[in-house]
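A closer look at the structure
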Protein chains: 2
Amino acid sequence: MRADDVAEFRHLPLFRTMGDQAFESLIRGAYLQTFPPAVDLIREGDVPDFFHVLIEGGVELYAQWHDRETTMSTLGPLATFILAATVVDKPYLMSARTLSRSRIALIPSEDVRRVVADDRSFADEIVAELASGYRDCVRREKNLKLRSSVERLANYLIRLHEAAEGDEFSLPHEKRLIASWLGMTPENLSRAFASLRAYGVQVDGAQVRIAEIEDLRWLAKPTPWIDDPKS
Amino acid sequence: MRADDVAEFRHLPLFRTMGDQAFESLIRGAYLQTFPPAVDLIREGDVPDFFHVLIEGGVELYAQWHDRETTMSTLGPLATFILAATVVDKPYLMSARTLSRSRIALIPSEDVRRVVADDRSFADEIVAELASGYRDCVRREKNLKLRSSVERLANYLIRLHEAAEGDEFSLPHEKRLIASWLGMTPENLSRAFASLRAYGVQVDGAQVRIAEIEDLRWLAKPTPWIDDPKS
DNA sequence: CGCTTTGTTTGATATTTATCAAGCGCAAAC
DNA sequence: GTTTGCGCTTGATAAATATCAAACAAAGCG
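No experiment lies behind these values; they were computed from the predicted model shown.

Focus: the packing of helix H1 (residues 3-10) of chain A against helix H3 (residues 20-27) of chain A
All names here are of chain A.
- The interhelical angle for the contact between H1 and H3, taken along N-to-C directions, is 125 degrees, at an axis separation of 12 Å. In this view, H1 runs oblique relative to H3, as classed from their interaxial angle. Crossing of H1 against H3: the hand is right-handed. Contacts from Val-6, Phe-9 and Arg-10 of H1 reach H3 at Asp-20, Phe-23 and Ile-27.

Pasting the structure below:
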């Protein structure tokens with residue numbers, strides 16, 4: 001790993017507070033690798049060999065059961081993945097593939113477990129990271145069980161709208177991916193978009209314009225306990 | 001807290017390995033309380049004041065959104081709950097109510113956070129507990145997104161069958177609760193049971209007999225990465 | 001550039017799931 | 001013992017969602 005990679009690494013939230021010695025021993029076996037798009041990184045059922053930190057690019061976590069597949073999350077820069085499998089040393093429950101060209105840091109699982117045991121401050125960060133991962137998952141489950149597909153889409157658009165500057169933004173992923181993440185078929189996502197036209201949502205390709213956010217909010221009824229990842 | 005309660009407490013997996021001093025400071029503010037059935041313990045959106053450990057009885061975790069409600073998990077003795085909210089000090093994402101008369105240990109959240117920071121071995125247990133909670137949640141999400149309601153019921157019955165001695169067992173909860181947990185209406189659960197008759201499932205009230213486990217497995221296609229909580 | 005592939009949309013249809021309504025059965029309460 | 005309430009079941013119907021098929025559009029490739 002190059003010296004400036006190490007420096008960048010040291011500034012990530014997860015590694016910022018830990019002791020120098022622990023950081024050293026964590027980084028020693030780590031390496032940084034660049035992957036092209038659509039590469040399978042890990043496979044459901046495999047035993048965790050490396051803890052992953054996404055530095056640059058995008059990654060999809062997905063799960064399979066027989067001939068069905070569904071995307072569980074999409075990750076952006078600075079996200080970590082398969083932490084839970086790493087710390088308990090049990091098989092992955094999800095697979096991961098790159099969405100775009102990605103730089104990913106790989107840290108041997110054994111090192112992570114050792115340093116969690118040795119460095120208190122790192123353990124604290126791990127606890128926080130696990131807890132928010134868990135809470136995200138609970139939110140997704142509530143979203144699925146309590147809302148219809150149109151409601152899920154409406155809330156998703158509101159989140160994107162809030163992150164954007166004005167009333168117009170572009171979808172961050174292919175629609176088929178968004179559909180799978182929201183738990184519906186691509187055909188149904190199309191129809192869901194169509195039915196949101198009545199609530200001031202205009203779609204042209206990946207471009208979305210929210211003409212009447214209040215109408216959309218009336219339908220979506222967002223709540224922080226499902227939709228606000230910071231709460 | 002009575003002396004024998006303290007002793008019992010000390011033997012729980014979560015508290016067995018920690019140092020005496022840490023245990024002392026954790027137990028000082030803790031107390032044990034008995035609740036009648038159907039009592040609301042915590043409410044979604046509230047700020048965590050106590051970490052909960054269920055000693056005896058049963059607890060339902062559920063979530064609401066407007067006029068809809070769904071049960072997220074059912075807990076039995078030795079389960080802990082709302083750990084994630086406690087350690088990150090953010091509002092609960094779920095509500096909890098007792099299912100039956102329950103003895104519950106309550107530990108002030110602040111104490112938990114302090115001891116996590118002070119006692120390494122307790123922190124390790126917390127990490128393990130959080131990680132398995134997270135993995136359970138991922139399993140539930142996969143179950144929901146990848147399977148139909150009949151398939152979910154079939155796999156649920158197989159799990160109960162494996163836990164039981166012979167081919168007959170009784171359902172651990174009311175059917176309406178099971179329905180909500182499996183993500184369907186009570187009416188639909190009835191119909192799902194009816195359609196499993198063709199696969200050797202005989203139901204009489206809460207009594208279930210699996211006449212042809214192989215037929216049921218053929219339909220359910222269980223996989224450890226969804227159905228085995230130990231994997 | 002034209003070609004091919006892949007993603008998206010739309011329509012028709014089937015399947016799954018929910019809702020509404022009624023009746024049954026068991027258990028607690030009087 | 002009767003009554004009452006509640007959970008459960010069943011049937012009829014409606015709504016939500018998936019599947020299949022076709023057409024189209026956009027993106028990548030030789």
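After that view of the structure, there is still more to cover.
Observations regarding the protein's contact with DNA strand C
- Inspection of the region around DNA strand C gives 14 residues, with Lys175(A), Ser190(A), Ser149(B), Asn188(B) and Arg191(B) positioned closest.
- Counting only atoms of DNA strand C within 4 Å of the protein, the fraction found in sugar and phosphate groups is 61%.
- In this structure, a phosphate oxygen belonging to DNA strand C sits 3.3 Å away from a main-chain N or O atom of Thr185(B).
- Of all the secondary-structure elements, those providing two or more residues to the surface near DNA strand C are helix H8 (175-182) and helix H9 (186-196) of chain A together with helix H9 (186-196) of chain B.
- Of the residues contributing to the surface near DNA strand C, the split by class is 1 nonpolar, 6 polar and 7 charged.

Quick look at the environment of Arg28(B)
All names here are of chain B.
- Inspection of the secondary structure assignment puts Arg-28 in the loop between helix H3 (20-27) and strand S1 (31-35).
- Residue classification places Arg-28 among the exposed positions, given a relative accessible area of 63%.
- C-alpha separation for the pair Arg-28 and Val-47, spaced 19 residues apart in sequence, amounts to 21 Å.

Notes on the protein's contact with DNA strand D
- Around DNA strand D, the structure places 14 residues, and the nearest of them are Ser149(A), Asn188(A), Arg191(A), Lys175(B) and Ser190(B).
- Taking the atoms of DNA strand D that fall within 4 Å of the protein, sugar and phosphate contribute 64% of them.
- Between a phosphate oxygen of DNA strand D and a side-chain N or O atom of Ser149(A), the distance comes to 2.7 Å.
- The contact in question runs from a base oxygen of DNA strand D to an N or O atom on the side chain of Arg191(A), over 2.8 Å.
- Sorting the residues of the surface near DNA strand D by element identifies H9 of chain A together with helix H8 (175-182) and H9 of chain B as the ones contributing at least two each.

What to know about the interface of chain A and chain B
- Tallying the contact residues gives 54 residues for chain A and 54 residues for chain B.
- Interface area for chain A against chain B, summed over the two sides, is near 4900 Å², with a carbon-plus-sulfur share of 70%.
- Here chain A is connected to chain B by 6 salt bridges.
- For the salt bridge of Lys142(A) with Glu44(B), the shortest nitrogen-to-oxygen distance reads 2.8 Å.

Considerations on the domain arrangement of chain A
Residues and elements named next belong to chain A.
- You can read the domains of chain A as domain 1 (3-144) and domain 2 (147-227).
- Relative to domain 2, the C-alpha centre of domain 1 lies at a distance of 28 Å.
- The partner domain 2 presents 11 residues to the 13 residues of domain 1 that form the contact.
- On the domain 1 side of the interface with domain 2, the three residues burying the most area are Thr-71, Arg-139 and Asn-143, jointly 48% of the side's total.
- Scanning the region where domain 1 abuts domain 2 turns up 0 salt bridges.
- In this structure, the connection of domain 1 to domain 2 is made through 6 residue pairs in polar contact (both at pLDDT 80 or more).
- Elements with a contribution of two residues or more to the side of domain 1 that touches domain 2: strand S5 (68-75) and helix H6 (120-146).
- The element that contributes the greatest number of residues to the side of domain 1 that touches domain 2 is S5, accounting for 6 residues.

Calculation criteria
Residues numbered from 1 in each chain as written. Chains lettered and ligands numbered in written order. Predicted model: local features only at pLDDT ≥ 70, side-chain atom pairs only at ≥ 80, totals over all residues. Heavy atoms only, no water. Axes fitted to C-alpha atoms, helices over the stretch in contact; angles between N-to-C directions. Helix = DSSP H or I, 4+ residues; strand = E, 2+ residues; numbered from the N terminus. Parallel < 35°, antiparallel > 145°, perpendicular 65-115°, else oblique. Left-handed = near helix turned anticlockwise from the far one by under 90°. Contact = heavy atoms within 4.5 Å. Near = heavy atom within 4 Å. Polar contact = N/O pair within 3.5 Å; in protein donor to acceptor, adjacent residues only side chain to side chain. Nonpolar A, V, L, I, M, F, W, Y, C, P; charged D, E, K, R; others polar. Buried < 20%, exposed > 50% of the residue type's maximum accessible area, 1.4 Å probe, protein only. Buried area = accessible area lost by both parts, 1.4 Å probe. Salt bridge = Lys/Arg side-chain N within 4 Å of Asp/Glu carboxyl O. Domains from an automatic or database assignment.

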